[in-house]
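Here is what each chain is made of, one letter per residue.
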Amino acid sequence: MSSSFELSIEVSERYNFNRSALEKINENPWVKNQWPLVYFLQNETKRVAYVGESTNFSNRIKNHLANPKKSNAFNQISIIGSDKFNKSATLDIESKLIQYISSEGTYVLQNGNHGLINHNYYQQDLYKYLFQDIWNNLIESKIVSKSLEEIENSELFKYSPYKSLNEDQYNSVLEIIDALTQKESNQIFIKGSAGTGKTILATYLIKLLGSDVSETSLDDFSDNELQEINLIRTYQKKYPKAEIGFVVAMSSLRKTLQNVFRKIPDLKSSMIISPSDTFKKKYDLLIVDEAHRLRQYKNIGWMGVFKKNNQKLGLDNNGTELDWIIANSKNQIFFYDSAQSVKPSDIPSSHFDKLLNKKNTIEIELTSQMRSKGGNDYITFVDELLKIKRENKRIYSPERYDILVFDSMKDMYEQLAFQEEKHGLCRLVAGYSWPWLSQKDKNAIDIKIDGVELQWNQTDKDWINSENAFNEVGCIHTTQGYDLNYTGIIFGEEISFNKVTKQIEIDKSKYFDKNGKRGIDDIEDLKEYIINIYKTIMYRGIRGTYIYAFDDNLRDYFKQHISSYSAERKLRILPFVDVKPYINSVPLIDIYAAAGNFSELQIAKEDFDWVELPMNISVREGYFVCQVVGESMNKRIANGSWCLFKQDSGGSRDGKIVLVEHYKIQDSSFGAGYTIKSYQSEKVLSDESWSHKSIVLKPHSYDPSFKDIILNEDDIAELKVIGEFIKVLDF
């Protein structure tokens, strides 16, 4: 990033939202100069809000004030502006604000969710950190209170219908609604592997189809947005009071989604239903999430109810929940992935194939990976790994995904605890290889490995978000359909690797899901279900997956393809003759002796030792490694950690952890002049430019004795930002 492109934003004072305030609002420099901007309507008393963007705000606010719904609902407005804003940037920021404010909880958002799509635009990377600055300003202005990370870990954010869609999701929406308006009945299949955003697309659709677009202004809309609005109007004309249900077969996920829908305008928890609930009324549309988990009359604990439901439709015991859904609705949308079928009670894929092969069935494929930072490569890797089909014999080392095999269960749990402290939403999940003793005896220990004693999940409803979840072990039934930051996976005693045949084998006697194995005579059929279970839970982690395998041979097999965790990892300094700067190594910087080189951002090969980075990190120009000593940042960086930085190249630094130099800094950890802290700035905006009012360097420590370092206007000119923290290295 060029230092000449420094981004600065301003959140205005709160103006009154009425006609008498228009003159004052029009004096705002961004409004006055007809600059692209974002705005925030609110009413603290009613706890309602609305987010918008405009390139002609004077007209937009007049339109809002002329709309009784808005003029009666809101009483204040804030304007967010920047001299680097353009139309694409404001659309992007508006979309992000809608996503986060709708899930933050301070306000109930009154926006519809139409038109929410990820925007790709020129110089988008330059705006990467601008939203963090905006959010920090909103917190300082007491408009919101929760951090972005806190919001991202909430169930409301993860399943929000206000999520921005990627291009193939958005095109799917247009195709689906078009089909619903064209024909009297539809069967639509949305296929996609784990993490392709099937549930997000489902919640988006339900909110969208019920949105009131009758008075939506079509100013500044793109062609796609105009098409979307017109399709919604056509659908609502065809089904003026549409009965829409969202069928979720899994009880845990059903409970979570009911909690989410309860908090969203125009949605109700009663819209989230079980397959049996479809008999309560006739539906215009049933949207079925995780359709591969719909059940047949086999290996279930409620055979009597199932039989009665079949009889209502004149079906014998061959009737399935799929039959109920089709019989009780005019239109059906199935979100489906046959690879996530995990029990013999799941309807065989042949039943779905019959529907897919019908002439009028619409089939849509989602391909973009929305969950895992490892992307589609990680999904393919897991599939090939567990099916013993991986031809590439190199260690799998994704740049943006953390995957490790552990020899010690204790080490894995400790590392998972570190990630839980750092990111939250990290959970242990295991195959069903131990009986659930604690279901009846709350003091019983279910799983004992390497001195680690654990119980299975103590609730089967929304376990992921339960209070004691980190101290328990979840299973496929309490985690399928959920997102985690990190997943610690225990491959149990029921699964092993045969070094002679080079195949995974299953021990049926050590698999304790009774309904998961009853009636299965062919061990290969059981193996397929169990492999699907482990694949599915390996897909839960957004940031990473940690693996412990009970079977030594299976662990050795994994270690042929995945890096192993070692608590004794050390820096590997390359011999000078082997150094290829920024190709196979990066410089190792001693902060005590680095002043001249840092100040000029010049690093010569002969002046430094050069170190090899871990295999999962690509070497890049400008990277360097140094050791962080001390406790002032121990919430993020443990004392003594080797850390990767990149040389500062300008741009917004708010909210980032940075290595800085200033003559006034006296940090005992590094010596005079240097420190590593979180950077926050307060800016002053004039008509033509902006300047720093103050810069605060904040510690992130469990020790409250570490205080902010505050640099005022006179001190700021001497501040040099040397590098931006990237991550702690696992050498």
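Since the model is a prediction, treat every value here as computed from it, not as a measurement.

**Student:** I would appreciate a short explanation of unusual backbone geometry in the present structure.
**Tutor:** Leaving glycine aside, a negative phi is the common case for residues, and trans is the common case for peptide bonds. Within the chain, Glu290 stands out as a residue other than glycine whose phi angle is a positive 50°. Backbone geometry at Lys502 places phi at a positive 55°, although glycine is not the residue there. Tracing the sequence through the fold places Lys502 in the loop between strand 19 (495-498) and strand 20 (503-506).

**Student:** Teacher, can you tell me more about the packing of aromatic side chains here?
**Tutor:** Geometry of an aromatic ring pair is reported as the spacing of the ring centres plus the angle between the planes. Counted according to the given criterion, the structure contains 35 aromatic pairs. With a centroid separation of 5.7 Å and an interplanar angle of 75°, the aromatic rings of Phe40 and Tyr107 are classed as edge-to-face. Taken as a pair, Phe40 in strand 3 (residues 37-43) and Tyr107 in the loop between helix 5 (87-104) and strand 6 (108-109) lie far apart in primary sequence, 67 residues in all. When its relative accessible area of 3% is taken as the criterion, Phe40 is described as buried. By relative accessible area, which is 4% here, Tyr107 ends up buried. Where Tyr50 meets Phe74, the ring centres are 6.5 Å apart and the plane angle is 50°; that geometry is what we call tilted. With Tyr50 in strand 4 (residues 48-54) and Phe74 in the loop between helix 4 (68-73) and strand 5 (76-81), this pair connects stretches of sequence that are 24 residues apart. By way of ring pairs, the aromatic residues Phe279, Tyr297, Trp302, Phe306 and Trp324 are connected into one cluster. Here the basic side chain of Lys70 rests over the ring of Tyr50, its NZ or CZ set 4.6 Å away from the ring centre. Note that Lys312 overlies the ring of Phe279, its terminal NZ or CZ placed 4.9 Å from the centroid.

**Student:** Any chance you could explain the side chain of Glu472 here in plain terms?
**Tutor:** Relative to the helices and strands, Glu472 is located in strand 17 (residues 472-474). The side chain of Glu472 is buried and forms no salt bridge, while Arg427, the nearest opposite charge, is found at 8.2 Å. Residues contacting Glu472, with those up to four places away along its chain left out, are Leu428, Gln455, Trp456, Asn457, Gln458 and Trp463.

**Student:** In this structure, what is going on with helix 15 (residues 349-356)? I would like to understand it.
**Tutor:** Since one α-helical turn is 3.6 residues long, residues separated by three or four positions face the same way. When helix 15 is considered as a whole, its buried residues turn out to be Phe352, Leu355 and Leu356. The buried residues of helix 15 occupy an angular sector of 100° when the element is viewed end-on, so they sit on one face. Packed against the buried residues of helix 15 are strand 7 (186-191), helix 14 (321-327), strand 11 (329-336) and strand 12 (362-365).

**Student:** Would you take a moment to explain the nonpolar core for this structure?
**Tutor:** The nonpolar side chains of soluble globular proteins are, as a tendency, buried together. Core analysis: the biggest nonpolar cluster contains 82 residues, and Leu97, Trp135 and Ile287 have the highest contact counts within it. The leading source of residues in this core is helix 10 (residues 198-209), at eight residues. The residues contacting Ile287, other than those within four sequence positions of it, are Ala202, Leu205, Ile206, Ile244, Gly245, Phe246, Val247, Ile333 and Phe335. Counting 61 residues, the second largest nonpolar core, distinct from the first, contains Val342, Leu385, Trp456 and Val473.

**Student:** Would you mind showing me how to read the pairing of strand 8 (residues 244-248) here?
**Tutor:** Along a regular strand, successive side chains alternate from one face of the sheet to the other. Within strand 8, five of the five residues are buried, which leaves the element mostly enclosed by the surrounding structure. Here strand 8 shows no split at all, with Ile244, Phe246 and Val248 on one side and Gly245 and Val247 on the other all buried. Inspection of the sheet shows strand 8 paired to strand 10 (residues 283-289) by five bridges, in the parallel sense. Bridging from a neighbouring strand, Phe246 pairs with Ile287 of strand 10.

**Student:** How do you make sense of the sheet that holds strand 7 when you look at a structure like this?
**Tutor:** With parallel pairing, the six strands of this open sheet are ordered in space as 9-8-10-11-7-12. Each edge of the open sheet is held by one strand with a lone partner, namely strand 9 (272-273) and strand 12. Alignment of strand 7 against strand 12, held across four bridges, turns out to be parallel. When the bridges of strand 12 are listed, Ile190 appears paired with Ile364.

Cut-offs applied
All residue numbers refer to position in the chain's written sequence, counted from 1. Side-chain atom pairs in this predicted model are given and counted only at pLDDT of 80 or more, local residue features only at pLDDT of at least 70, and totals for whole chains, interfaces and linings cover all residues. Hydrogen atoms and water are omitted, and side-chain values are computed over all heavy atoms in the structure. Think of it this way: any DSSP run of H or I at least four residues long counts as a helix, any run of E at least two long counts as a strand, and we number them from the N terminus. Under the pairing criterion, centres of Phe, Tyr and Trp rings, with the six-membered ring standing for Trp, must be within 6.5 Å; the plane angle then separates stacked pairs below 30 degrees from edge-to-face pairs above 60, leaving the rest tilted. A 1.4 Å probe rolled over the protein chains alone gives each residue an accessible area, and that area as a share of the maximum for its type sets the label: buried under 20%, exposed over 50%, partly exposed in between. We count a charge as sitting over a ring when the NZ of a lysine or the CZ of an arginine lies within 6 Å of the ring centre and within 35 degrees of the ring normal. Residues scored as positive are Lys and Arg, those scored as negative are Asp and Glu, and His as well as the terminal groups of each chain are ignored. Salt bridge, as used here: a side-chain nitrogen of Lys or Arg that lies within 4 Å of a carboxyl oxygen of Asp or Glu. What makes two residues a contact is simply this: any of their non-hydrogen atoms within 4.5 Å. To be clear, the arc concerns the directions from the helix axis to the C-beta atoms. Think of a nonpolar core as a cluster: buried Ala, Val, Leu, Ile, Met, Phe, Trp, Tyr and Cys residues, connected wherever their side-chain atoms sit within 4.5 Å. A pair of strands counts as paired when DSSP detects no fewer than two bridges linking them.

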